[in-house]
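The lines below spell out each chain.
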Amino acid sequence: MTNAPPPVEPPKFDSVSEFFAQALAIEVEAAERYTLLADQMEVHNNKEIAAIFRKMASIEAEHRDEIARRAGDALVAGRPATFSWTGPDGPEATDFQRLHYLMTPRQALGLARFNEERAKTYYEAIAEAATDPAIAAFAREMAVDERDHVAWVDQWLAKFAADDPGWNEDPDPPVNSE
């Protein structure tokens, strides 16, 4: 579950405001996705994983607020970003297909780590390809932030033992009522 993210084709931005808008959108999407994942885990009575996802949502919301603060006047109200994601979702959004209702803390944190690593790679690619020095500088800052998040998730992961072989066995699995 914690495979390295694929190489990124960096998007090109016409302005610093466009870059800030996209960076902000990435964090908004990540915070919202983690909240949805937490809600889903609570439905399955997996409260420990719900708490992890709520913590990740809080971290992403703090990062969102920090980006908005850094952007200041560079964000143009009412002017949406042109999105250049690495997949159907942004670089920090967990793919719902990678979830399991009985997932363990290590698996949930592995998903978070993958997202943080993918975001780091995304911002590094932008910094490397940017022709505007302001965009390159901010993309490098974002990559450092994401690198710090990877390290933080790694520290959190170290607190959990390896998963038991039968982690996904459920004697009373949910029933799909289609």
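Details of the structure are given in the entry above.
This is a predicted model, so every value here is computed, not measured.

Time to look at the overall build of the protein chain. When its secondary structure is counted, the protein chain shows 4 helices and 0 strands. Secondary structure elements of the protein chain, listed N to C terminal, follow the sequence α-α-α-α. Considering only intrachain contacts with a sequence separation of at least 6, the fraction spanning at least 24 residues in the protein chain is 83%. When the accessible area of the protein chain is evaluated, it comes to approximately 9,500 Å², of which 51% is carbon and sulfur surface.

The α-helix advances 3.6 residues per turn, and as a result positions three or four apart in sequence lie on the same side. A rise of 1.5 Å per residue sets the reference length of helix α4 (residues 133-157), with its 25 residues, at 36 Å; its end C-alpha atoms lie 36 Å apart and thus fit the reference within 8%. With a side-chain oxygen positioned 2.8 Å from the backbone nitrogen of A134, the residue opening α4 is D132.

This part covers the nonpolar core. Among the nonpolar cores identified, the biggest contains 20 residues, and Y34, I49, F53, M56 and M103 are the most heavily contacted of them. If one sorts the elements of this core by residue count, helix α2 (residues 47-71) sits on top with 7 residues. In this view, M103 contacts M41, N46, I49, F53, R98, A108, L111 and W167; residues no more than four positions away in its chain are not counted. Ranked by size, the runner-up nonpolar core spans 17 residues in total, among them F20, L24, A71 and Y122.

Right, let's talk about unusual backbone geometry for a bit. Generally, phi is negative for residues other than glycine and the peptide bonds are trans, each holding for most cases. In the Ramachandran plot, N45 falls in the positive-phi region, its phi being about 60 degrees despite a non-glycine side chain. For N45, the location among the structural elements is in the loop between α1 (16-43) and α2. On the accessibility criterion, N45 (57% relative accessible area) is exposed.

With that settled, the discussion passes to the packing of α2 against α4. Contact geometry for α2 and α4: axes closest at 13 Å, N-to-C directions at 160 degrees. Here α4 runs roughly antiparallel to α2, going by the angle between their axes. Relative to α4, α2 is oriented so that their crossing is right-handed. Within the contact between the two elements, α2 uses I52, K55, M56, I59, H63, I67 and R70 and α4 uses F138, E141, M142, D145, E146, H149, W152, V153 and W156. Across the contact of α2 with α4, the residue classes break down as 9 nonpolar, 2 polar and 5 charged.

Parameters and conventions
Each chain carries its own residue numbering, running from 1 in the direction its sequence is written. Only residues with pLDDT of at least 70 get local features here, since the model is predicted, and only at 80 or more are side-chain atom pairs given and counted; chain-wide, interface and lining totals rely on the full set of residues. Hydrogens and water are ignored here; the side-chain numbers use all heavy atoms of the structure. Runs of E in the DSSP output that reach at least two residues are strands. Runs of H or I that reach at least four are helices, and both are numbered from the N terminus. Note on definitions: a residue-residue contact is assigned when non-hydrogen atoms from the two residues lie within 4.5 Å. Using a 1.4 Å probe, accessible areas were evaluated by the Shrake-Rupley method; residue-level cover was limited to the displayed protein chains. Any helix carries an expected span of 1.5 Å times its number of residues minus one. The term polar contact refers here to a pair of N or O atoms within 3.5 Å; inside protein, the definition further demands a hydrogen-donor-capable atom paired with an acceptor-capable atom, and it admits residues adjacent in sequence only when both atoms are side-chain atoms. In this description, a nonpolar core means a group of buried Ala, Val, Leu, Ile, Met, Phe, Trp, Tyr and Cys residues linked to one another through side-chain atoms lying within 4.5 Å. Think of it in three bands: with a 1.4 Å probe and only protein chains considered, a residue is buried below 20% of the maximum accessible area for its type, exposed above 50%, and partly exposed in between. Orientation is described by axes fitted as lines to C-alpha atoms, over the contacting stretch for helices, and by angles from 0 to 180 degrees between their N-to-C directions. Geometric relationships in this document are graded by angle, where less than 35 degrees denotes roughly parallel, more than 145 denotes roughly antiparallel, 65 to 115 denotes roughly perpendicular, and other angles denote oblique. Helix crossings get a hand from a simple test, with the near helix turned counterclockwise from the far one by less than a right angle marking a left-handed crossing and a clockwise turn marking a right-handed one. Each residue is assigned to one of three groups, with Ala, Val, Leu, Ile, Met, Phe, Trp, Tyr, Cys and Pro labelled nonpolar, Asp, Glu, Lys and Arg labelled charged, and all others, Gly among them, labelled polar.

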